[in-house]
Amino acid sequence: MFTDDYFMRMALQEADKALEKDEVPIGCIIVSNDRVIARSHNLMETLTDVTAHAEMQAITSAANFLGGKYLQNCTLYVTLEPCVMCSGALSWSQISKVVIGARDEQRGFINKGLSLHPKTEVVTGVLEKECSEIVKDFFKNKR
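Residues numbered from 1 in each chain as written. Predicted model: local features only at pLDDT ≥ 70, side-chain atom pairs only at ≥ 80, totals over all residues. Heavy atoms only, no water.

With numbering aligned to this structure, UniProt lists the feature "active site" (unreviewed entry) at Glu55. Tracing the backbone through its elements, the reader meets Glu55 in helix α3 (residues 54–66). Residues within four places of Glu55 in sequence aside, it is in contact with Cys28, Leu76, Val78, Leu80, Glu81, Pro82 and Cys86. (UniProt positions renumbered as here; feature names shortened; annotations may be inferred. Helix = DSSP H or I, 4+ residues; strand = E, 2+ residues; numbered from the N terminus. Contact = heavy atoms within 4.5 Å.)

Next comes the structure, spelled out in structure tokens:
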């Protein structure tokens, strides 16, 4: 059985791919039955699309893989807490579990008083330091 740390490291690899493209380095994967069924990273600049967040890309990819719109019995691992848009999409997908690396105090859904689907388990703080540093370093280097 794999651990949350194991899968979050895969999400960090996706964040690295975003960084190579000069995208905000956020990555995520979706897992079903210990199998990665979707991988993604931010593509907002690449696609000139404000909705091209890592989570949105992964939800679409996983739904296509499964052949249905619901992601029950799936877990999303994401390096940074989802925004309001992504949390809405995750709620509609009825995903079973969301594992978050670093919290996003300003734009994340938790401080906005929002929640996901009532049956969705949320875990925070997995590889928090690594997930936080990649984003902080990106914006520090932009200034």
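Read on for the rest.
On to the pairing of strand β1 (residues 27–32), then. Burial analysis of β1 places 6 of its 6 residues in the buried class, the great majority of the element. Residues of β1 alternate between two faces, with Gly27, Ile29 and Val31 on one and Cys28, Ile30 and Ser32 on the opposite face, all of them buried. As defined by bridge partners, β1 adjoins strand β2 (residues 35–41) across 6 bridges and the pair is classed as antiparallel. Within the sheet, the bridge partner assigned to Val31 lies in β2 and is Val36. Counted between consecutive antiparallel strands, the loop separating β1 from β2 contains 2 residues, among which Asn33 sits at a positive phi close to 55°. Sheet topology note: the β1/strand β3 (residues 74–80) ladder contains 5 bridges and is antiparallel. Paired with Ile30 across the strands is Leu76, a residue of β3. (Buried < 20%, exposed > 50% of the residue type's maximum accessible area, 1.4 Å probe, protein only. Pairing = 2+ DSSP bridges.)

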